[in-house]
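What follows is each chain in one-letter form.
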Amino acid sequence: MLKSIFSIILIACISVAVSVPTADAGNNNSSNDRDYLIGLPEVISLTFMTGAFIISPYGKMQREIYTLKQDQLFLRRHLLINQDPTFRKQTFSVLEITRAKQRETEHKLRRFSYWFFPSLVVAGTGIFYLSDWALD
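The structure contained in this document is the topic of the report that follows.

Cut-offs and rules
- Residues numbered from 1 in each chain as written.
- Predicted model: local features only at pLDDT ≥ 70, side-chain atom pairs only at ≥ 80, totals over all residues.
- Heavy atoms only, no water.
- Helix = DSSP H or I, 4+ residues; strand = E, 2+ residues; numbered from the N terminus.
- Buried < 20%, exposed > 50% of the residue type's maximum accessible area, 1.4 Å probe, protein only.
- Contact = heavy atoms within 4.5 Å.
- Patch = residues over 30% accessible without salt bridge, like charges linked within 9 Å, V, L, I, M, F, W, Y side chains within 5 Å.
- Areas by Shrake-Rupley, 256 points an atom, 1.4 Å probe, with all protein chains shown as cover.
- Salt bridge = Lys/Arg side-chain N within 4 Å of Asp/Glu carboxyl O.
- Axes fitted to C-alpha atoms, helices over the stretch in contact; angles between N-to-C directions.
- Parallel < 35°, antiparallel > 145°, perpendicular 65-115°, else oblique.
- Left-handed = near helix turned anticlockwise from the far one by under 90°.
- Nonpolar A, V, L, I, M, F, W, Y, C, P; charged D, E, K, R; others polar.
- Core = buried A, V, L, I, M, F, W, Y, C linked by side-chain atoms within 4.5 Å.

### As for the overall build of the protein chain
And step 1. Regarding its fold elements, the protein chain presents 4 helices and 0 strands.
And step 2. By the burial criterion, 18% of the 136 residues in the protein chain qualify as buried.
And step 3. Restricting the contact set of the protein chain to residue pairs at least 6 apart, pairs at least 24 apart contribute 67%.

Put into structure tokens, the structure is as follows:
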């Protein structure tokens with residue numbers, strides 16, 4: 001919930017920054033060139049980085065970890081209710097399986113994060129400089 005609110009606020013701030021020109025008091029010429037707070041190269045770079053993040057499997061792995069944690073909580077609650085020894089044994093085996101899946105997914109997410117975010121920043125910076133060079 002907090003991430004979605006932050007995303008909406010960030011998108012609104014970028015939209016305002018792109019659409020509102022900044023006042024340049026020292027520039028007294030009457031040309032129609034306006035200086036914007038965020039130019040087109042920044043917008044292109046941010047759009048690329050946002051699109052790459054949305055397409056990446058990062059969110060899917062986070063959701064999988066969350067569902068595995070919820071499954072473990074559900075199984076623990078059932079262990080408190082049901083005292084049957086065979087049920088408890090089966091539940092403990094399922095709990096171990098979900099813990100192993102959770103550790104594996106967290107490991108994959110960590111390894112993915114080590115290379116994904118630095119490469120995303122490098123690619124976004126490269127796109128920023130290329131678009132700035134191409135638009136001049």
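Here the narrative resumes, following the displayed structure.
### Focus on a nonpolar patch on the surface
And step 1. A cluster of nonpolar side chains, Leu 40, Ile 44 and Leu 135, forms an exposed patch at the surface whose accessible area comes to about 260 Å².
And step 2. By the element assignment, Leu 135 lies in helix H4 (residues 85-135).

### Let's talk about the packing of helix H2 (residues 40-55) against H4
Helix-helix packing is described using two parameters, namely the angle between the two axes and the distance between the axes.
And step 1. Viewed as axis vectors pointing N to C, H2 and H4 meet at an angle of 150°, and their least axial separation amounts to 8 Å. One element, H2, and the other, H4, form an angle in the roughly antiparallel class. As H2 packs across H4, the resulting crossing turns out to be right-handed. On the side of H2, the interface is formed by Leu 40, Pro 41, Glu 42, Ile 44, Ser 45, Phe 48, Met 49, Ala 52 and Phe 53, while H4 contributes Phe 116, Phe 117, Leu 120, Val 121, Ala 123, Gly 124, Thr 125, Ile 127, Phe 128, Ser 131, Asp 132 and Leu 135.

### Remarks on the packing of helix H3 (residues 58-81) against H4
And step 1. Closest axis-to-axis distance for the H3/H4 pair is 9 Å, and the angle between their directions is 160°. Relative to H4, the element H3 is oriented roughly antiparallel. Of the two possible hands of crossing, H3 and H4 adopt the one that is left-handed.
And step 2. Residues that form the contact of H3 with H4 fall into these classes: 13 nonpolar, 8 polar and 8 charged.

### Re the nonpolar core
And step 1. Formed by Tyr 58, Met 61, Ile 65, Leu 109, Phe 112, Phe 116 and Leu 120, the largest nonpolar core amounts to 7 residues.
And step 2. Looking at this core, the elements with two or more residues in it are H3 and H4.
And step 3. At 4 residues, H4 tops the list of elements feeding residues into this core.
And step 4. If we skip the residues at most four places from it in the chain, Met 61 touches Thr 105, Lys 108, Leu 109 and Phe 112.

### Looking at the pattern of salt bridges
And step 1. Counting across every chain of the model gives 2 salt bridges.
And step 2. Put simply, Lys 108 and Glu 104 hold a salt bridge, and the shortest N to O gap is 3.6 Å. In this pair, Lys 108 and Glu 104 both sit in helix H4, 4 residues apart, roughly one turn of the helix.
And step 3. Owing to a relative accessible area of 47%, Lys 108 belongs among the partly exposed residues under this scheme.

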